[in-house]
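Take a look at the letters that make up each chain.
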Amino acid sequence: MAAGEFASHALVDELAALTGLIRREISVYIGRDGAVEDVSIGDSGKVNMPNMRLVRNTDRLSGVRCIHTHPSGDGRLSGVDLGTLRSMRLDAMAALGVNEAGEATSFYAAFLGEMREEEREVLVAGPLRPYRLPQRQLMDEIRIADERLKSSTKETAEARPERAILVGIENAEGYDTLAELAELAKTAGASVVAREQQRRRPVDNATYIGSGKAEELALLGSELEADLFIFDDELSPMQQRNLETTLGVRVIDRTALILDIFAQRAQSREGKLQVELAQLKYGMTRLAGQGLALSQQGGGIGTRGPGEKKLEVDKRRIRRRIYELGEELKEVEKQRSLRRDRREKNPLPLIALVGYTNAGKSTLLNAISDAGVLAEDKLFATLDPVVRQVTLPGGTQALVSDTVGFINKLPHDLVEAFKSTLDEVVRADLILHVVDASSPYYDSQMAVAEDVIAGLGAAETPRINVYNKLDKLAAQPAAKGEAAFISAAKGEGIEALLSRAEHALGAERTMAELLIPYDKYEAVALIRAEGRILSETHEEDGTRIRAQLPQSAMHKLKRILGGNDGSDAEKTE
């Protein structure tokens, strides 16, 4: 075809005749010089996009136009057609309507227009007569669109967020997990353009959702110009590779999304090391089988070539880095242990704030201590632990620790990496489980947090369930266990909560002052292990200790020290 022709009579004739014969959609991709770059065949429900190597710069059109047929006879361009025009930056997208007799009925052509807000306009010419096309004007439109794209791309490329489509399968979680996934995507900086939920069914081992649904999503992705698909469950490496092949864009799962957010949010050296370690452990499994996409190298029939060699090198590098990170985290943990030991010499009790992400833990810590911790209406606003000293209403001094939030399907590698940080929960004297009472799914969120607490070995630690965000509710929600109701943002109910916490810390404890002979060191060890030392001095006859002790420890001390334990004791209320 001549370089100055948009679609020659001969091309229109041939496309119409072949489409009438096979009753399927035919797409022809033509370069600026008139040469045919590629041809693909599909049907009314599926578009086969060729794997062409488009080498033009991102601020220019691809240099290729697509002319395809519609066997329905209707030449009007679909949403998928226009989405493909935008996403592939085609010179033009044209459609030729073909009836059952194999006759061309109408012709439409679309070109990229100006940017309007976050989306580029499309200019459509048609309906045109297939055998009386304004060839020169259509080719001029390609030149104008190219100049238009060149002038506006630099202004919009940096501002445009990634366009994401969320995909999940119906589950029995008891709440809308895709809505939560949308919040995660928003936190990561993506713009959610669609949500697709598959009816409950067994997970497909090859594509998670089944090949038919994957092909539907490919069409949707083209229409909406999606940059990536985010799946609500963790995908196997094979599922991820198969989906990327079918969908033609990047595919990530919930685990990768959470890891990405953690990587953005981590501020401290320890937090950054922990996140990198979790990412490498997750990514290690993704390497499996990638060597097959490269030229093959030794190891048996079908496995020879440099591909497998590169894979093994990559694996070794990752293993080495995982080891190095582990060693660095051990050093950081030593420093944390020293700080913890110094803190334990200080007899202040520790209160741990735990709960689902975005429940308001950091807002509560700011309300009771002026901590100045970042408190945003985003998931995982706080990653690094913060400890502040507070004075409770009765005068008791205590330490309050803000910990990383929990979330459903929290990646196992992430929990393992943050074990040392979450150790504050295990060592706490009291847990305040902060709950977003305004969430319609707070019961499910509470269950997730309780599972993590139990997994950390802190299920028996005294706990108060703190129902937060009451300012957003007309009435108090149904509560369970020891409960308090607050609005951390408004400062409502904080004083009553702190009084409850102070009572819980001192409940069933005895304040005792003891003079322990130097030969009764096991008594001192018992007090250190089970009590809270308030003061300790060394005198001529022994060690004088003032401490809070549970009744069980008092009985043990009497057995060690004899009937007269040399103490003055009173019960703490």
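Please refer to the structure placed before this passage.
Notes on the structure follow. Residue positions are given per chain, counting from 1 as you read along its sequence in written order. The predicted origin of the model limits local features to residues at a pLDDT of at least 70 and limits the giving and counting of side-chain atom pairs to 80 or more, whereas totals for whole chains, interfaces and linings rest on all residues. Hydrogens and water are ignored here; the side-chain numbers use all heavy atoms of the structure.

A few points about the overall build of the protein
Tallying secondary structure elements over the protein gives 16 helices and 20 strands in all. The cut-offs for exposure are 20% and 50% of the maximum accessible area for each residue type, with area from a 1.4 Å probe on protein chains only; residues under the lower value are buried, those over the upper are exposed, and the others partly exposed. Looking at the 573 residues of the protein, the share that counts as buried comes to 49%. By definition, residues are in contact when any of their heavy atoms lie within 4.5 Å. Excluding contacts between residues fewer than 6 apart, the proportion of contacts in the protein whose partners are at least 24 apart in sequence is 65%. For every accessible area listed, the method is Shrake-Rupley and the probe measures 1.4 Å; residues are considered covered only by the protein chains on display. A total accessible area of about 27,700 Å² is found for the protein, and carbon and sulfur atoms account for 48% of it. Secondary structure follows DSSP: runs of H or I at least 4 residues long count as helices, runs of E at least 2 residues long count as strands, and numbering of each begins at the N terminus.

Notes on a nonpolar patch on the surface
Patch membership is restricted to residues that have no salt bridge and whose relative accessible area is over 30%. Joining uses 9 Å for like charges and 5 Å for the nonpolar side chains Val, Leu, Ile, Met, Phe, Trp and Tyr. When a carboxyl oxygen of Asp or Glu lies within 4 Å of a side-chain nitrogen of Lys or Arg, that pair is called a salt bridge. A contiguous nonpolar surface patch, about 360 Å² in accessible area, is contributed by Leu18, Leu21, Ile22 and Ile41. The biggest single contributor to the nonpolar patch is helix H1 (residues 9-22), with three residues. On the secondary structure map, Leu18 appears in helix H1. Exposure remark for Leu18: the relative accessible area of 36% places this residue in the partly exposed category.

Some details on unusual backbone geometry
Following Gly126, the chain continues to Pro127 via a peptide bond in cis, the omega torsion being 5°. Counting through the fold element by element, Pro127 comes out in strand E6 (residues 119-128). Look at Tyr208: it is not a glycine, yet its phi comes out positive at around 70°. Its relative accessible area of 2% is what places Tyr208 among the buried residues. Residue Lys469 is not a glycine yet carries a positive backbone phi of 65°. Examined against the element boundaries, Lys469 turns out to sit in the loop between strand E15 (463-468) and strand E16 (483-485).

Points about the sheet that holds E6
Between any two strands, at least two bridges found by DSSP are needed for them to pair. Reading across the sheet, the six strands line up as E2-E1-E3-E4-E5-E6 and stay open at both edges, with mixed pairing between neighbours. Among the strands making up the open sheet, the edge pair consists of strand E2 (36-42) and E6. Between one strand axis and the next, the sheet turns through 20° on average, direction left out of account. Pairing geometry for strand E1 (residues 25-31) and strand E3 (residues 64-70), over five bridges, is antiparallel. Of the residues in E3, the one forming a bridge with Ser27 is His68. To get an axis, fit a line to the C-alpha atoms, keeping to the stretch in contact for a helix; angles then go from 0 to 180 degrees between the N-to-C directions.

Some remarks on the pairing of strand E18 (residues 532-538)
Direction of pairing for E18 relative to strand E19 (residues 543-550): antiparallel, over a ladder of six bridges. Looking at E19, one finds that Glu536 is bridged to Ile545. Joining the antiparallel neighbours E18 and E19 is a turn of four residues, in which Gly542 adopts a positive phi near 160°.

A short note on the pairing of strand E11 (residues 350-355)
In terms of burial, E11 is a largely internal element, six of the six residues being buried. Side chains Leu350, Ala352 and Val354 project from E11 onto one buried face, and the interleaved Ile351, Leu353 and Gly355 project onto a second face that is buried too. As defined by bridge partners, E11 adjoins strand E13 (residues 397-402) across four bridges and the pair is classed as parallel. Looking across to E13, one finds that Ala352 is bridged to Ser401. Where E11 meets strand E14 (residues 430-436), five bridges bridge the pair, whose relative direction is parallel. The residue of E14 that forms the bridge with Gly355 is Val434.

What about the pattern of salt bridges?
Applying the stated criterion to the full structure yields 24 salt bridges. Across the pair Arg32 and Asp91 runs a salt bridge, and its minimum N-O distance is 2.4 Å. Of this pair, Arg32 sits in the loop between E1 and E2 while Asp91 sits in the loop between helix H2 (79-88) and strand E4 (93-98); the two residues are 59 residues apart in sequence, bridging distant segments of the chain. Its relative accessible area of 32% is what places Arg32 among the partly exposed residues. Residue Asp91 is classed as buried on the basis of its relative accessible area, which comes to 0%. A salt bridge links Glu482 to Arg500, with the shortest nitrogen-to-oxygen separation between them at 3.0 Å.

Some remarks on the packing of aromatic side chains
Stacked, tilted and edge-to-face are the three classes applied to pairs of Phe, Tyr and Trp rings, where Trp contributes its six-membered ring and a pair requires centres within 6.5 Å; stacked means planes under 30 degrees apart, edge-to-face means over 60, and tilted covers the rest. By the definition in use, this model includes five aromatic pairs. Both rings, one in Tyr442 and one in Tyr467, keep their centres 6.1 Å apart while their planes meet at 90°; by these two values the pair is edge-to-face. In this pair, Tyr442 is assigned in helix H13 (residues 442-455) and Tyr467 in strand E15, connecting sequence segments 25 residues apart. For Tyr442, a relative accessible area of 12% gives the class buried. Judged by relative accessible area, Tyr467 falls into the buried class, the value being 0%. Between Tyr467 and Phe485 the ring centres are 5.4 Å apart and the planes differ by 20°, which places this aromatic pair in the stacked class. Residue Tyr467 is located in strand E15, and its partner Phe485 is located in strand E16; the two are separated by 18 residues in the primary sequence. Judged by its relative accessible area of 24%, Phe485 falls in the partly exposed class. Among the aromatic side chains, those forming a connected cluster through ring pairs are Phe6, Phe107 and Phe111. Should the NZ of a Lys or the CZ of an Arg lie within 6 Å of a ring centre and within 35 degrees of the ring normal, that charge is described as sitting over the ring. When the ring centre of Phe6 is taken as origin, the NZ or CZ atom of Arg65, which lies over that ring, is 5.3 Å away.

Honestly, that's just the spatial picture; any functional story needs more than this.
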